Amino acid sequence: QLALYLFQQGIGIAYCSIEGGRFNILLRILAMLAENSKVCDREWLAKNPVAAQGIMKEHEKAVKAFSRCLYAEEKRGLTCQKAIDWCVEQAKAGKRVVFLDPVTALETKSASKTYLEEAQFVKSIQNVAIDYDITIVAATHPVKSAQAAHQANVANSAAYSRFIDFLMWLDVHLDKES
């Protein structure tokens with residue numbers, strides 16, 4: 001939602017979807033534009049093709065515009081170094097806010113030393129942000145056992161909670177049916 005909001009405000013953004021693919025991200029963008037989360041439900045789409053086509057037609061121009069700032073890693077293989085290089089490339093292209101979503105899907109060279117590579121990655125993207133005066137939003141996930149919002153429950157190495165400037169925890173609150 002933040003990426004779409006900034007994009008709609010005319011702020012230069014770049015969005016790297018490390019998992020999920022281009023189609024899924026654009027479907028989410030369409031759902032946000034339409035203010036209809038059912039757009040992301042493939043079963044709903046199949047049952048409501050006329051409504052889905054109408055929604056797409058109404059928001060087609062905005063979805064296409066957003067798609068131009070979207071890079072999607074369709075195959076596994078985006079390494080920490082490639083992500084850093086991509087951030088630099090986007091900064092040089094004049095982007096003000098760069099999104100990496102999710103950094104938990106970045107590949108590291110060594111499974112036994114992942115924490116070292118991730119610490120270097122976090123420090124490197126911080127340097128990119130400072131050198132080019134941009135903001136980098138690195139989305140991650142909680143560990144699977146997380147029961148509460150706490151920086152110790154951020155997935156990957158401790159670098160993601162130790163060396164960052166800002167940590168925000170988002171939860172889904174489903175409607176109660178009682």
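Our structure is the block above this text.
Residues numbered from 1 in each chain as written. Predicted model: local features only at pLDDT ≥ 70, side-chain atom pairs only at ≥ 80, totals over all residues. Heavy atoms only, no water.

**Overview of the packing of helix 2 (residues 21–34) against helix 4 (residues 49–67)**
Link 1 in the chain: As a packed pair, helix 2 and helix 4 sit with axes 9 Å apart at the nearest point and diverge in direction by 125°. Viewed along their axes, helix 2 and helix 4 adopt a mutual orientation that is oblique. When you trace helix 2 past helix 4, the crossing you get is right-handed. Here Arg22, Leu26, Ile29, Leu30, Leu33 and Ala34 of helix 2 lie close against helix 4, whose contacting residues are Ile55, Met56, His59, Ala62, Val63, Phe66 and Ser67.
Link 2 in the chain: When grouped by side-chain class, the residues that make up the contact of helix 2 with helix 4 number ten nonpolar, two polar and one charged. (Axes fitted to C-alpha atoms, helices over the stretch in contact; angles between N-to-C directions. Helix = DSSP H or I, 4+ residues; strand = E, 2+ residues; numbered from the N terminus. Parallel < 35°, antiparallel > 145°, perpendicular 65-115°, else oblique. Left-handed = near helix turned anticlockwise from the far one by under 90°. Contact = heavy atoms within 4.5 Å. Nonpolar A, V, L, I, M, F, W, Y, C, P; charged D, E, K, R; others polar.)

**Quick word on the pairing of strand 1 (residues 13–17)**
Link 1 in the chain: Across the five residues of strand 1, five count as buried, placing the element largely inside the fold.
Link 2 in the chain: Here strand 1 shows no split at all, with Ile13, Tyr15 and Ser17 on one side and Ala14 and Cys16 on the other all buried.
Link 3 in the chain: Two elements, strand 1 and strand 3 (residues 97–101), share five bridges in a ladder whose sense is parallel. When the sheet's bridge partners are listed, isoleucine 13 is paired in strand 3 with valine 97. (Buried < 20%, exposed > 50% of the residue type's maximum accessible area, 1.4 Å probe, protein only. Pairing = 2+ DSSP bridges.)

**Observations regarding the nonpolar core**
Considering soluble globular proteins, one finds that nonpolar side chains tend to be buried as a cluster.
Link 1 in the chain: By size, the foremost hydrophobic cluster in this structure holds 23 residues, and its most contacted members are Cys87, Leu100, Leu106, Phe121 and Ile136.
Link 2 in the chain: Of all the secondary-structure elements, those providing two or more residues to this core are strand 1, helix 5 (80–92), strand 3 and helix 6 (114–132).
Link 3 in the chain: The leading source of residues in this core is helix 5, at seven residues.
Link 4 in the chain: The residues touching leucine 100, leaving out its near neighbours within four places in the chain, are Cys16, Ile18, Ala83, Trp86, Cys87, Phe121, Ile136, Val137, Ala138 and Ala139.
Link 5 in the chain: Leu27, Leu30, Val63 and Leu70 belong to the second largest nonpolar core, which has 22 residues in total. (Core = buried A, V, L, I, M, F, W, Y, C linked by side-chain atoms within 4.5 Å.)

**Description of unusual backbone geometry**
Link 1 in the chain: Cis geometry is found at the peptide bond from aspartate 101 to proline 102, where omega equals -15°.
Link 2 in the chain: As for its placement among the helices and strands, proline 102 is situated in the loop between strand 3 and helix 6.
Link 3 in the chain: Located in the positive-phi region is glutamate 35, a residue other than glycine, with phi close to 55°.
Link 4 in the chain: Looking at the element boundaries, glutamate 35 is found in the loop between helix 2 and helix 3 (42–47).
Link 5 in the chain: Relative accessible area serves as the criterion here: at 74%, glutamate 35 is assigned to the exposed category.
Link 6 in the chain: One non-glycine residue, aspartate 133, adopts positive backbone phi at about 55°.

Take it as geometry only, folks, not as evidence of what the structure does.
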